[in-house]
Amino acid sequence: MEYMTEPVKHTPGHILCCDCGVPISPNPANICVACLRSKVDISQGIPKQVSISFCKQCQRYFQPPGTWVQCALESRDLLALCLKKIKAPLSKVRLVDASFVWTEPHSKRLKVKLTIQKEVMNGAILQQVFVVDYVVQPQMCGDCHRVEAKDFWKAVVQVRQKTLHKKTFYYLEQLILKYGMHQNTLRIKEIHDGLDFYYSSKQHAQKMVEFLQCTVPTRYKASQRLISQDIHSNTYNYKSTFSVEIVPICKDNVVCLSPKLAQSLGNMNQICVCIRVTSVIHLIDPNTLQVADIDGNTFWSHPFNSLCHPKQLEEFIVMECSIVRDIKRSAGAGMISKKHTLGEVWVQKTSEMNTDKQYFCRTHLGHLLNPGDLVLGFDLVNCNLNDEYVNKMKSDRVPDVVLIKKSYDRTKRQRRRNWKLKELARDKENMDTDDERSPFVYTFYVVSKEILLINLYAIPVESDTDDEGAPRISLAEMLEDLHISQDATGGEDLKFLPVVCLYLFYVKTLKSMKIKTIFPFFVSLK
């Protein structure tokens, strides 16, 4: 009779540590973990405190041998950068885990907890956890050092406008501020005919030139100068210069077109008024209300100049004004302006009120003028016009007076204007203190973020008038560039939405109750 026996399970026995005599499981060293750690330190040779360089200007960390990288706090990129600082000592052990230990953001300390393993004493594997302290030391990078020196640049954009009163240039300055095209500049220097924008790279300068071409009619020339070269690596160091010239035509200028250009624009008269300058030059014929747009290429192919300087504007008083209903159009005439009204007026200079001399002319301001109003215009009869196209014109084709705009009481308007133009921060070297800027040219108003998170860009319009009939800023135009988004600011802009709605209610409701609106409307959110 056979009996089945179960197999005997053998459990490993315990041995005593050769140093302290504590029962332990058998291991190749026959030593307990505590005694093994007291005899062997596998983290020996790994520095416990390391310095890391940080540029406060550009918020970048230095990565040897010569690279500066952008890293967020407790990010994977910053952790990799910290581990590379101790790459050589870590090559002798096995890295198991690495993580950040939280520190204050302003403490200038970064702590990294490392878990390493290493084989010791007859094949025993020992694991150890320790913390490496990184000291953040401030150091200015090479790019920021060159920016602070203000003498280093790789490319310069020279913007020029060869005219006495640079209304177009001031309009361009506001667009540069609005779209932040000046943020990459190293330095902005003002000279007599314009501004110089210095950049650290050629790509930033080319981006600025493209912005200028899309904004105002311009032409440019590019050149470069060799600074140094390395024949072994075939590398060259250049300094680039972009010379940008803006058309010498501004708003409210009276110009004389060439006969060929006037014929190509729909047989319009040669004497025209520039009503505005954007990416093209907008002209209007004061005799027929015919409008035309001239781009930069057309202007440089058929150039023309301004006949009079804005300081030559004279004040006239309207003696009689009548609206022209039937406008005779010639064959091939172009587009007629719907925003203006053709009028025939008799005017007299305010400086010649003791005489009976009056002037007759046609104007595009028929919807604004009434008998007794003051208007600014150019006297082409008594001025010396030095223009090749005007000298070839017949005398009956040249008007006696060209009216530009209606005149208002500036003292009253200045009291209402609580906004001001924002200017570029630039160096003014050997410049006169007399600035021809006028608050009536372009209105640029900015409400700070602490008061209201809105940027308002506005230009006076002719449609809305105040009590005295002077043009003012319309509310719709001031809120045209208002953008409230949650994605960009994390929802911070949404708390300003009730303020905007309250202001709209204030303007619409209280103004209908004949309560005078006070602008700007400040609501402190502090």
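Note that this is a predicted model, so its numbers are computed, not measured.

1. Topic: the overall build of the protein
And then number 1: A tally of regular secondary structure across the protein gives 13 helices and 25 strands.
And then number 2: Partitioning the contacts of the protein with sequence separation of at least 6, the portion at a separation of at least 24 is 62%.

2. Description of the pattern of salt bridges
And then number 1: The tally for this structure, following the rule as stated, stands at nine salt bridges.
And then number 2: Of the charged contacts in the structure, one is a salt bridge between Lys405 and Asp252, with a shortest N-O distance of 3.9 Å. Within this pair, whereas Lys405 is found in strand E22 (residues 401-406), its partner Asp252 is found in the loop between strand E13 (235-246) and strand E14 (254-256), the two being separated by 153 residues in sequence.
And then number 3: Lys405 sits in the partly exposed class, given a relative accessible area of 30%.
And then number 4: Note on Asp252: relative accessible area 13%, which makes it buried.
And then number 5: Through salt bridges with shared partners, a single ionic network connects Lys167, Asp252 and Lys405.

3. Some remarks on the confidence of the model for the protein
And then number 1: Taken as a whole, the protein shows an average pLDDT of 78; of its residues, 76% reach a score of 70 or greater.
And then number 2: Ranking the elements of the protein by mean pLDDT puts strand E24 (residues 443-447) last, at 32, and strand E16 (residues 281-284) first, at 94.
And then number 3: Note that pLDDT drops below 50 for residues 433-467; the model gives that stretch 97 contacts with residues more than four away or on any other chain.

4. Let's talk about unusual backbone geometry
And then number 1: The step from Pro64 to Pro65 runs through a cis peptide bond, and the omega angle for that step is 10 degrees.
And then number 2: Here Pro65 lies in the loop between strand E4 (60-63) and strand E5 (67-69).
And then number 3: Even without glycine at this site, Asn234 takes up a positive phi of about 60 degrees.
And then number 4: Here Asn234 shows up in the loop between strand E12 (218-230) and E13.

5. Brief notes about the environment of Val93
And then number 1: With respect to the secondary-structure elements, Val93 resides in the loop between helix H3 (87-90) and strand E6 (94-101).
And then number 2: The class of Val93 is buried, set by a relative accessible area of 13%.
And then number 3: Here the alpha-carbon distance between Val93 and Glu119, two residues 26 residues apart in the chain, equals 8.5 Å.

How each quantity is defined
- Residues numbered from 1 in each chain as written.
- Predicted model: local features only at pLDDT ≥ 70, side-chain atom pairs only at ≥ 80, totals over all residues.
- Heavy atoms only, no water.
- Helix = DSSP H or I, 4+ residues; strand = E, 2+ residues; numbered from the N terminus.
- Contact = heavy atoms within 4.5 Å.
- Salt bridge = Lys/Arg side-chain N within 4 Å of Asp/Glu carboxyl O.
- Buried < 20%, exposed > 50% of the residue type's maximum accessible area, 1.4 Å probe, protein only.
- pLDDT = per-residue confidence, 0-100.

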